[in-house]
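# Residue-level structure breakdown
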Protein chains: 2
Amino acid sequence: MTVELYHFEPNANGGKPLIALFEKGVAFESRWVDLLNWEQHQPPYLAINPKGQVPALVHDGTTITESTIMGEYIDEVFIGPSLRPGDAAGRERMRRWSRFGDEFLGPSLSMIAWSQFIAPMMKQRPQAELKKALEGVPTAERRSAWSKTIHNDFHPEELEESRRRLEASIVRLEQQLARTEWLVGTQYTLADINLFNMAAPLPIFCPLEANIERTPHLLSWITRMRERPAVVQALAYSRDSLRTL
Amino acid sequence: MTVELYHFEPNANGGKPLIALFEKGVAFESRWVDLLNWEQHQPPYLAINPKGQVPALVHDGTTITESTIMGEYIDEVFIGPSLRPGDAAGRERMRRWSRFGDEFLGPSLSMIAWSQFIAPMMKQRPQAELKKALEGVPTAERRSAWSKTIHNDFHPEELEESRRRLEASIVRLEQQLARTEWLVGTQYTLADINLFNMAAPLPIFCPLEANIERTPHLLSWITRMRERPAVVQALAYSRDSLRTL
């Protein structure tokens, strides 16, 4: 049995399977893919995921490329502590929180973070490199997304809407975590893992809305997450300036 | 045990739980919510789903409001034929196809369909009614989406990108269905149910790309889906001019 995880910094989607694998105690090979040097669009990685996106989990011939779906797969095929509620209603809540992250909080956070941190880094790169990099993006959707990022071509209204969504997400997370220890109740689940990397930077991006006075339960949950041995192990894969997020 | 399903026409997301419930042989109460007369934004329905979206499944005190997540819940809690593969790799493929529908094909089809069919219907309505309807939309996201629809305020580039995605979806579906009988292999699953309502109108919207010569396997799968007793039962809930889709 071989398990390989292709990933970038653990603070993005790659953190989800990293944490899940450590929680389950699964032995795996970490394969670093340097997104900022376009390794994800080179033939070796495109042979793993033709879409050129990380993370990708390769397990005995099965390749999984969507981080949220990957979490359920990891929980289903490997022994170790269960990361999903034992009842269908609990699993429904877990999937709903994960979806909220993927469709609402995640894209908004990503837009703000890329506009604020990555786009200025890109501006330092030679134009020829960026042009070549864009040409190498394998799908039209991703090419368009990368072009927007590289050129910081986000519309002010888009950024404003993303800000609004971050603030709405903070309220929603705080309300839930004021009621329950973990996102879906008393059990730590994939919902916590999936939301952790999206929620952890909120106090940095929205210090007036997410702070110890206004959102004590959210901050306490972020701290408890960071103290889990599996999360510590996953975050140890951080390599660069994004580490502080 | 009570099962109530709040839904609109079965050809949209409401079709997913309708088909799944009939496949499992679950007795349920159908609660029609007339989207085109704004019933989804009235207090009685907002008490069920504060977001004002259908479908919603209410089962013994548990309310589920995301149609894809609903499918897994229905398969988990009710007896009857299994609608999910028995192996984790199969369930991964099933979830990946469902996600493809929710994130790629579905939104594109929805934009084209609303622009082409619903927006012209809206144009016939009194301005005062439309203004009042918009004010009643409970969330900013949905208000923005309804405003775009009502005013047919879709950007030409958006519509063009949606068209491109429909055509890419046709190719992807045909390639898969040329290889396997159902979307994830030999077993009929929630992936087929989830994609059916999005794929069935493709020969109407894209007759040059989806037709018996170019996509015989896609058309054969649509026909086989339409012949299933559970699908026939679900489609019988159609009431209005959208029926032909």
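Everything here concerns the structure above.
Keep in mind the model is a prediction, meaning the values are calculated, not measured.

Residue and element names in this part refer to chain B. Between helix α4 (residues 88–123) and helix α6 (residues 140–150), the shortest axis-to-axis distance is 8 Å and the interhelical angle comes to 80°. The angle between the axes of α4 and α6 places the two elements in the roughly perpendicular class. Together, W114, A119 and M122 of α4 and W146, T149 and I150 of α6 make up the contact between the two elements. Of the residues contributing to the contact of α4 with α6, the split by class is five nonpolar, one polar and no charged.

Turning next to the environment of M122(B). Residue and element names in this part refer to chain B. Structurally, M122 can be placed in helix α4. Classification of M122 as buried rests on a relative accessible area of 1%. A sequence separation of 30 residues divides M122 from N152, and the C-alpha atoms of the two residues are 9.0 Å apart.

What follows covers the relation of the copies chain B and chain A. With an RMSD of 0.0 Å, the operation that places chain B on chain A is a rotation of 180° combined with a shift of 0.0 Å along the axis. Here the symmetry operator amounts to a two-fold rotation axis. For chain B, the minimum C-alpha distance to the rotation axis belongs to E103(B) and amounts to 4.4 Å. A symmetric contact is evident, with 100% of the interface residues of chain B recurring at the interface of chain A.

Below, the discussion takes up the pattern of salt bridges. Summed over all chains, the structure comprises 48 salt bridges over all chains. Notably, a salt bridge pairs E76(A) with R95(B), separated by 3.3 Å at the nearest N-O pair. Placement of the pair is E76(A) in helix α3 (residues 67–77) and R95(B) in helix α4, with the two residues belonging to separate chains. Here E92(B) ties to R96(B) by a salt bridge, and the two come within 2.9 Å at their closest N and O atoms. Separated by four residues within a single helix, E92(B) and R96(B) lie in helix α4, roughly one turn from each other. Judged by its relative accessible area of 28%, R96(B) is partly exposed.

Another point: helix α7 (residues 156–179) of chain A. Spanning 24 residues, α7(A) covers 35 Å between terminal C-alpha atoms, matching the ideal 34 Å at 1.5 Å per step. All buried positions along α7(A) are accounted for by S162(A), R165(A), L166(A), S169(A), I170(A), L173(A), E174(A), Q176(A) and L177(A).

What follows deals with the packing of aromatic side chains. For the coordinates displayed, the defined rule picks out 20 aromatic pairs over all chains. Their ring planes at 70° and their centres at 5.1 Å tell us that W182(A) and Y188(A) sit as a pair that is edge-to-face. When sorted by exposure, W182(A) lands in the same class as Y188(A), which is buried. Seen in terms of ring centroids, F8(B) and W32(B) are 5.7 Å apart; in terms of plane orientation they differ by 50°. Their pairing is tilted. You can see F8(B) sitting in the loop between β1 (3–7) and α1 (15–24) and its partner W32(B) sitting in strand β2 (residues 29–32), a full 24 residues away along the chain.

Parameters at a glance
- Residues numbered from 1 in each chain as written.
- Chains lettered and ligands numbered in written order.
- Predicted model: local features only at pLDDT ≥ 70, side-chain atom pairs only at ≥ 80, totals over all residues.
- Heavy atoms only, no water.
- Axes fitted to C-alpha atoms, helices over the stretch in contact; angles between N-to-C directions.
- Helix = DSSP H or I, 4+ residues; strand = E, 2+ residues; numbered from the N terminus.
- Parallel < 35°, antiparallel > 145°, perpendicular 65-115°, else oblique.
- Contact = heavy atoms within 4.5 Å.
- Nonpolar A, V, L, I, M, F, W, Y, C, P; charged D, E, K, R; others polar.
- Buried < 20%, exposed > 50% of the residue type's maximum accessible area, 1.4 Å probe, protein only.
- Least-squares fit on C-alpha atoms with pLDDT ≥ 70 in both.
- Salt bridge = Lys/Arg side-chain N within 4 Å of Asp/Glu carboxyl O.
- Expected span 1.5 Å × (residues − 1).
- Phe/Tyr/Trp six-rings, centres within 6.5 Å; stacked < 30°, edge-to-face > 60°.

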